[in-house]
Amino acid sequence: MTTATLLTPASTSAKPEGRPAGLVARADERSYIRILVVLDTTVLILALLIGYVSRFGNEEPSGSKIPYVLVAPGLVLAWLVSLKALGCYDDRVIGYGADEYRRVSTASLRLAGAIAIAGYIADVAVSRGFLGMSFAVGTVGLEVVRFAARKRLHRARSRGAGWSRKVLVVGGTAHVLELVQTLRREPYAGYQVVGACIPDALLAPVAQRLGDVPVVGSFRGIPEAATAIGADTVAVTASGELTATRLRRLGWQLEGTGIDLVVAPALTDVAGPRIHTRPVAGLPLIHVEAPEFRGARKLVKGFVDRSVSSMALLALLPLIAVIALAIKLDSRGPVLFRQVRVGRGGQEFGVFKFRTMVVNADVLLGELAARNETDGLMFKMRDDPRVTRVGRLLRKWSLDELPQLVNVLLGQMSLVGPRPPLPSEVARYDGDVARRLLVKPGMTGLWQVSGRSDLSWEDGIRLDLYYVENWSLAADLTILWKTFGAVLKSRGAY
């Protein structure tokens, strides 16, 4: 039996006969994959045309014996085979996560290397300019269409449509509820819970529900329950009654049904690069590396922060001057607002922002405390009367945070990191929340690209802690890219 961790679908070895529920539920999935193949083929044809025109123009290549009219179709076919061979159409990676993009780039680079080596050995003089331009345009184009297709899929999933896995969750009640909540937190991931199976001892004589999830059976009839509700995935979470032997037999029972088996370990909020699975004595042991808070990667992160912030400050000087003038003309008070925040290791520093409120905003806060619209330790109001006219515009587009580039340049903040907290908030931190202070606070972060002020206090803390435990340079680049979209849409900005 092949199982997977962290909700990665496992493959089944046998093919189902007839039309079981699992196969019927995957019609949309197959349609999505066919669309990807069509899009990829279109991109590759255009890439080769661009490569040919950029190298030879509209004329036939003089003195060349290479039949490019035959080379191009062969190259498209080889490229598609390379994508298929590296699992770029595997339902376990498409639609969610960074692995899809990595596989597309790897497939393209490997094919380019193989063609270069084969051309050298066979002494075939295919134009390097043609190949170089074609592979550059093709690789970028493949990533772009994958991104666009994924975004459309995510929007459909968020509306309850689109291709999603129908999941039957199996485990103890507390763990089932926790897994359901986790899956629903990100509906665009494509896991739609349609039912639950709980231990026999917890079953009642009448129909049960865990929240709004119907209980459709016990551990004795998991395959039958999955077929009855049209589930194509069984997600197993923790339960004392679900032993290793019972789980292995469940894998055997699901063979030939078209239903995938996934295992959700109790380990949560740990990113893939820190997780390594090692089989020991027949057990797939999960090794979790400790989070990295110092070392070479931290030095690189600091260098990138200072370099980018200095260039950004120079490029944005005209905009900063316009904003400063608008603030000065709009209301009485200074242009910049300096507020004490807490950084890495609990060190306090003054964070710079454009002033968006009236000068006596702190005095008025006590009168507005009862109108706080968020839970937790922060104060937020959608229609805060202390915010000025220019301030509302600056907050909508997050322009009030541009002066924090100075804090980044001084090494007090990072471009990406947890939200910088107030000393009053830190004073009420418990042991877990205090882990936010292990890294520098950031101008943007997971909280920024996930809803900002629309997030609950609990969700904001969860995202900050996830970043602290799993930060990477690649993740920072992804967050910076997503920040532009979040700012343009003004999500949670008030």
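Relevant structure appears above.
This write-up is about the structure you can find in this document. Note that the structure is predicted; figures quoted are calculated from it, not measured. (Residues numbered from 1 in each chain as written. Predicted model: local features only at pLDDT ≥ 70, side-chain atom pairs only at ≥ 80, totals over all residues. Heavy atoms only, no water.)

**With respect to helix H10 (residues 317-330)**
Stated precisely, the cut-off is as follows: Put simply, DSSP marks the helices as runs of H or I at least four residues long and the strands as runs of E at least two long, and each gets a number from the N terminus on. By this rule, a helix spans an expected 1.5 Å times one less than how many residues it contains. Between buried and exposed lies partly exposed: a residue is buried under 20% and exposed over 50% of the maximum accessible area for its type, with that area taken using a 1.4 Å probe on protein chains only. Regarding the arc, it is the one traced by the directions from the helix axis to the C-beta atoms. We call two residues in contact whenever any of their non-hydrogen atoms come within 4.5 Å of each other.
Taking 1.5 Å per residue, 14 residues should reach 20 Å; H10 reaches 20 Å between its end C-alpha atoms and fits that length. Listed in full, the buried residues belonging to H10 are Ile320, Ile323, Ile327 and Asp330. Within H10, the buried residues cover an arc of 100° as seen down the axis, which keeps them to one side. For H10, the exposed residues lying more than 90 degrees away from the buried face are Pro318, Val322, Leu325, Lys328 and Leu329. Next to the buried residues of H10 lie helix H9 (296-315), strand S10 (348-354) and helix H12 (389-396).

**Concerning the pattern of salt bridges**
Convention followed: Salt-bridge detection follows one rule: a side-chain nitrogen of Lys or Arg within 4 Å of a carboxyl oxygen of Asp or Glu.
Considering all chains together, one arrives at 15 salt bridges under this definition. The partner of arginine 146 in a salt bridge is glutamate 100, with the nearest N and O atoms 2.9 Å apart. Here arginine 146, found in helix H5 (residues 128-158), pairs with glutamate 100, found in helix H4 (residues 99-122); they are 46 residues apart in sequence, far enough to count as distant. Accessibility classification places arginine 146 together with glutamate 100 in one group, the buried group. Three or more residues joined by partner-sharing salt bridges are found here, namely Asp40, Glu100, Arg146 and Arg150.

**With respect to a positive patch on the surface**
Applied cut-off: Candidates for patches are residues over 30% relative accessible area with no salt bridge; among them, like charges are joined within 9 Å and nonpolar side chains (Val, Leu, Ile, Met, Phe, Trp, Tyr) within 5 Å. A 1.4 Å probe and the Shrake-Rupley method give the accessible areas. Residues count as covered only by the protein chains that appear here. Under the counting rule used here, the positive set is Lys and Arg, the negative set is Asp and Glu, and His together with the chain ends is not counted. Charged groups are reduced to one reference atom each: NZ for lysine, CZ for arginine, CG for aspartic acid, CD for glutamic acid.
A grouping of Lys151, Arg152, Arg155, Arg159, Lys482 and Lys489 is seen on the molecular surface, where their side chains present a positively charged patch. Of all the secondary-structure elements, those providing two or more residues to the positive patch are H5 and helix H17 (473-489). A per-element tally of the positive patch places H5 first, with three residues. Relative to the helices and strands, lysine 489 is located in helix H17.

**Things to note about the side chain of serine 134**
For the record, the criterion: Counting of polar contacts relies on pairs of N or O atoms within 3.5 Å, with two restrictions inside protein: one atom must be capable of donating a hydrogen and the other of accepting it, and residues adjacent in sequence are counted only when both atoms are side-chain atoms.
Inspection of the secondary structure assignment puts serine 134 in helix H5. Within the structure, serine 134 has its side chain in polar contact with the backbone oxygen of phenylalanine 130 (distance 2.7 Å). Sequence-distant contacts of serine 134, defined by excluding residues within four places in its chain, comprise Ala47, Leu48, Gly51 and Trp79.

**A closer look at the environment of alanine 85**
With respect to the helices and strands, alanine 85 occurs in helix H3 (residues 68-85). Residue alanine 85 is classed as exposed on the basis of its relative accessible area of 63%. In this structure the C-alpha to C-alpha distance between alanine 85 and arginine 103, which are 18 residues apart in sequence, comes to 9.8 Å.

**Some thoughts on the nonpolar core**
To be explicit about the condition: Within this scheme, the nonpolar core is defined by two criteria: the residues are buried Ala, Val, Leu, Ile, Met, Phe, Trp, Tyr or Cys, and they are joined through side-chain atoms within 4.5 Å.
In this structure, Tyr32, Trp79, Leu83, Ile94 and Leu142 are the most contacted members of the largest nonpolar core, which totals 28 residues. Where this core is concerned, the elements lending two or more residues are helix H2 (27-56), H3, H4 and H5. With sequence-adjacent residues up to four places away left out, tryptophan 79 is seen in contact with Leu44, Ser108, Leu111, Ser134, Phe135, Gly138, Thr139 and Leu142. Val416, Leu446, Leu455 and Trp471 belong to the second-largest nonpolar core, a separate cluster that totals 25 residues.

**Quick word on the packing of H4 against H5**
Going by this rule: For helices, the axis comes from a line fit to the C-alpha atoms of the stretch in contact; other axes are also lines fit to C-alpha atoms, and the angle between any two N-to-C directions lies between 0 and 180 degrees. In these notes the angle categories are as follows: under 35 degrees is roughly parallel, over 145 is roughly antiparallel, 65 to 115 is roughly perpendicular, and the rest is oblique. Crossings are sorted by hand: turned counterclockwise from the far helix by less than a right angle, the near helix makes the crossing left-handed, and turned clockwise it makes it right-handed.
Interaxial distance between H4 and H5 falls to 10 Å at its minimum, and their mutual angle equals 165°. The angle between the axes of H4 and H5 places the two elements in the roughly antiparallel class. Between H4 and H5 the crossing geometry is right-handed. Where H4 abuts H5, its residues Glu100, Tyr101, Val104, Ser105, Ser108, Leu111, Ala112 and Ile115 lie against Leu131, Phe135, Thr139, Leu142, Glu143, Arg146, Phe147 and Arg150.

**Observations concerning the environment of threonine 277**
Assignment of secondary structure puts threonine 277 in strand S7 (residues 275-280). When its relative accessible area of 45% is taken as the criterion, threonine 277 is described as partly exposed.

**Brief notes about the side chain of aspartate 476**
Along the chain, aspartate 476 turns up in helix H17. If we skip the residues at most four places from it in the chain, aspartate 476 touches Lys301, Val416 and Tyr467.

**Some words on the sheet that holds strand S1 (residues 165-170)**
Through backbone hydrogen bonds, the strands of a sheet pair up, either in parallel or in antiparallel fashion. Which entries qualify depends on this criterion: Only strands joined by at least two bridges in the DSSP assignment are considered to pair.
Taking strand neighbours across the sheet as the criterion, the six strands line up as S3-S4-S2-S1-S5-S6 in an open arrangement whose pairing is mixed. This sheet does not close on itself; its edge strands, each paired only once, are strand S3 (209-210) and strand S6 (260-263). Looking at chain direction, strand S5 (residues 233-236) and S6 are connected through four bridges and run parallel. When the sheet's bridge partners are listed, valine 234 is paired in S6 with leucine 261. The strands that helix H6 (residues 173-185) touches are S1, strand S2 (191-198), S3, strand S4 (213-218) and S5; relative to S2, the one it contacts most, it runs at about 175°. Relative to the sheet, helix H8 (residues 244-254) contacts S5 and S6, its axis offset from that of S6 by approximately 155°.

**Structural notes on the packing of H9 against H10**
As a reminder of what qualifies: Gly counts as polar in this scheme, as do all residues outside two lists: the nonpolar Ala, Val, Leu, Ile, Met, Phe, Trp, Tyr, Cys and Pro, and the charged Asp, Glu, Lys and Arg.
Contact pair H9 / H10: the axes reach a minimum separation of 5 Å and the direction vectors enclose 60°. The orientation of H9 relative to H10 falls into the category oblique. Two secondary-structure elements touch here, H9 through Leu313, Leu314 and Ala315 and H10 through Leu317, Pro318 and Ile320. Grouping the amino acids of the contact of H9 with H10 by side-chain chemistry returns six nonpolar, no polar and no charged.

**Describing unusual backbone geometry**
Phi is positive for serine 398, which is not a glycine, with a value near 60°. Classification of serine 398 as buried rests on a relative accessible area of 10%.

**Looking at the pairing of strand S9 (residues 336-342)**
Summarising the sheet, S9 and S10 pair through seven bridges and their orientation is antiparallel. Residue pairing for S10: valine 342 is matched across the bridge by glutamate 348. Where S9 folds back onto S10 in an antiparallel hairpin, the turn is made up of five residues, including glycine 345, whose phi is positive at roughly 70°.

**Points about the packing of aromatic side chains**
Note the cut-off: Any pair of Phe, Tyr and Trp rings, taking the six-membered ring for Trp, is counted once the centres come within 6.5 Å. Such a pair is stacked with planes under 30 degrees apart, edge-to-face with planes over 60 apart, and tilted for the rest. Throughout this description, the term charge over a ring refers to an Arg CZ or Lys NZ atom that lies within 6 Å of the ring centre and within 35 degrees of the ring normal.
By the definition in use, this model includes four aromatic pairs. Where tyrosine 32 meets tryptophan 163, the ring centres are 5.7 Å apart and the plane angle is 35°; that geometry is what we call tilted. Of this pair, tyrosine 32 sits in helix H2 while tryptophan 163 is found in the loop between H5 and S1, placing the two residues 131 residues apart along the sequence. In this pair, the class of tyrosine 32 matches that of tryptophan 163, namely buried. Geometrically, the ring pair formed by phenylalanine 147 and tryptophan 481 is edge-to-face, given 6.4 Å between the ring centres and 75° between the ring planes. Of this pair, phenylalanine 147 sits in helix H5 while tryptophan 481 sits in helix H17, and the two are 334 residues apart along the sequence. Taking the relative accessible area as the measure of exposure, phenylalanine 147 reaches 32% and is therefore partly exposed. The aromatic ring of tryptophan 471 is capped on one face by arginine 297, whose charged end is 4.5 Å from the ring centroid.

By themselves these figures say nothing about function.
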